[in-house]
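An overview of the molecular structure
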Amino acid sequence: MAGAVTVHLAEKTARPKHITESLVVRIVLTAIALLFLGLVVVLPLLSVFIEAFKKGTDVYFAALRDPDALSALKLTLLTAVIAVPLNTVFGVAAAWAISKFRFRGKNVLITLIDLPFAVSPVIAGLVFILLFGAQGFLGPWLDNHNIQIVFALPGIVLATTFVTFPFVARELIPLMQAQGVQEEEAAASLGAKGWQIFWRVTLPNIKWGLLYGVILCNARAMGEFGAVSVVSGHIRGETNTLPLHIEILYNEYQFSASFAVASLLVMLAVLTLIVKSFIEWRTAKQLPK
């Protein structure tokens, strides 16, 4: 009896204070979580690669070497290269203003930043059609000046930028608010100017959070479908990004080719997750213990 009590007390002492569930409950919860992730995430991703290689590697690499697929890949990367830096600049500026200064309309600015999260990407695409389309508000003026926005690269970049611009700002705002303004105020009291404070104090403190936001923004930009689908016009080899090219191949019953291109998009996403995990590891490593 005394031995059983001793063992029970030892287990209770060894268990971390924040864990109140029994071992059986923890095992069941972990198994449920792993099963759910396996069915919803891992299995579908594995099926993409299985279907992509179903007809052999020759068919797989032929689909990736197709001129339309290469054009879609180039357009996807080009769109991300333009949209992500724009959102990075905006996100840093907005987060800096919101977290470091007091001004009227701050809550309105935060609401506007969150707007793309609430608006359907398809609606966002339709808004750009309404503004820049041939029958839109600015359509006649653009046509007279031989400027094409929709069904061209500018429209795709605008739609992608709209959908993805909250990611950097929303990553930085809570981080910069938690850091406070003490270090900036100390630098200012020592005679540092605005840009000096930003480059030497603010930016080093937020660099890992900034990179994290940029990676999320880039992942969303490469995988955007709804808004881009509306403004692109689906011109094969010209305005199709990778998600749109995959849809076209699938609708044409070219299943192996569509899954081959989809696997390329998955690999880009996995690469993004690897970089994201590395940044999370570096961030955790720098936190005080």
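Here is what the cut-offs are and how they apply
Residues numbered from 1 in each chain as written. Predicted model: local features only at pLDDT ≥ 70, side-chain atom pairs only at ≥ 80, totals over all residues. Heavy atoms only, no water. Helix = DSSP H or I, 4+ residues; strand = E, 2+ residues; numbered from the N terminus. Polar contact = N/O pair within 3.5 Å; in protein donor to acceptor, adjacent residues only side chain to side chain. Contact = heavy atoms within 4.5 Å. UniProt positions renumbered as here; feature names shortened; annotations may be inferred. Domains from an automatic or database assignment. Salt bridge = Lys/Arg side-chain N within 4 Å of Asp/Glu carboxyl O. Axes fitted to C-alpha atoms, helices over the stretch in contact; angles between N-to-C directions. Parallel < 35°, antiparallel > 145°, perpendicular 65-115°, else oblique. Left-handed = near helix turned anticlockwise from the far one by under 90°. Buried < 20%, exposed > 50% of the residue type's maximum accessible area, 1.4 Å probe, protein only. 1 Å grid on protein atoms, 1.4 Å probe; cavity = no way out; pocket = protein on both sides within 12 Å on 5 of 7 lines; lining within 4 Å. Points joined across faces, edges and corners; volume = space filled by probe spheres on them. Nonpolar A, V, L, I, M, F, W, Y, C, P; charged D, E, K, R; others polar. Phe/Tyr/Trp six-rings, centres within 6.5 Å; stacked < 30°, edge-to-face > 60°.

Right, let's get into the side chain of Ser 229. By the element assignment, Ser 229 lies in helix H12 (residues 226-232). A polar contact of 3.0 Å, which involves the side chain of Ser 229, links it to the side chain of His 234. Leave out the neighbours within four places in its chain, and Ser 229 touches His 234 and Leu 244.

Here the focus is the UniProt feature "transmembrane region" (unreviewed entry) in the chain. The UniProt record marks residues 23-50, 70-96, 108-134, 146-169, 210-235 and 255-279 with the feature "transmembrane region" (unreviewed entry), using the residue numbering of this structure. Annotated as 100% helix and 0% strand, the span residues 23-50 places its first and last C-alpha atoms 37 Å apart. A distance of 35 Å separates the end C-alpha atoms of residues 146-169, which is 67% helix and 0% strand.

Segmentation of the chain into domains returns domain 1 (21-53) and domain 2 (56-285). The gap between the C-alpha centroids of domain 1 and domain 2 is 29 Å. Contact with domain 1, which involves six residues of that partner, is made by 10 residues of domain 2. Applying the counting criterion to the domain 1 and domain 2 interface returns zero salt bridges.

Running from N to C, helix H4 (residues 67-100) and helix H8 (residues 153-164) point in directions that differ by 50°, and their axes come no closer than 9 Å. Taken together, the axis directions place H4 and H8 in an arrangement best described as oblique. Crossing of H4 against H8: the hand is right-handed. Here H4 contributes Leu 75, Leu 78, Thr 79, Ile 82, Ala 83, Leu 86 and Asn 87 to the contact with H8, which in turn contributes Leu 153, Ile 156, Val 157, Thr 160, Thr 161 and Thr 164.

In the numbering used here, UniProt assigns the feature "domain: ABC transmembrane type-1" (unreviewed entry) to residues 73-276. This span, residues 73-276, is 79% helix and 0% strand, and a straight line between its end C-alpha atoms measures 22 Å.

Let us look at unusual backbone geometry. Look at Asn 146: it is not a glycine, yet its phi comes out positive at around 55°. By the element assignment, Asn 146 lies in the loop between helix H7 (139-144) and H8. Overall, the relative accessible area of 73% leaves Asn 146 in the exposed class. The backbone of Tyr 253 shows a phi angle near 65°, a positive value even though the residue is not glycine. Considering the arrangement of structural elements, one finds Tyr 253 in the loop between helix H13 (242-251) and helix H14 (255-286). Taking relative accessible area as the criterion, Tyr 253 reaches 64% and is therefore assigned exposed.

Taken as a whole, the second largest pocket encloses approximately 210 Å³ of empty space. With four residues, H7 is the largest single contributor of residues to the lining of the second largest pocket. Partitioning the lining of the second largest pocket into residue classes produces eight nonpolar, four polar and one charged.

As a further point, take the packing of aromatic side chains. The geometry of two aromatic rings is summed up by the distance between their centres and the angle between their planes. Scanning the model with the defined rule gives 15 aromatic pairs in all. Note on Phe 90 and Phe 165: the rings are 5.2 Å apart at their centroids and 85° apart in plane angle, and the pair reads as edge-to-face. Of the two residues, Phe 90 is situated in helix H4 and Phe 165 in the loop between H8 and helix H9 (166-179); the sequence distance between them amounts to 75 residues. Put simply, the rings of Phe 90, Phe 128, Phe 132, Phe 162 and Phe 165 pair up and form one aromatic cluster.

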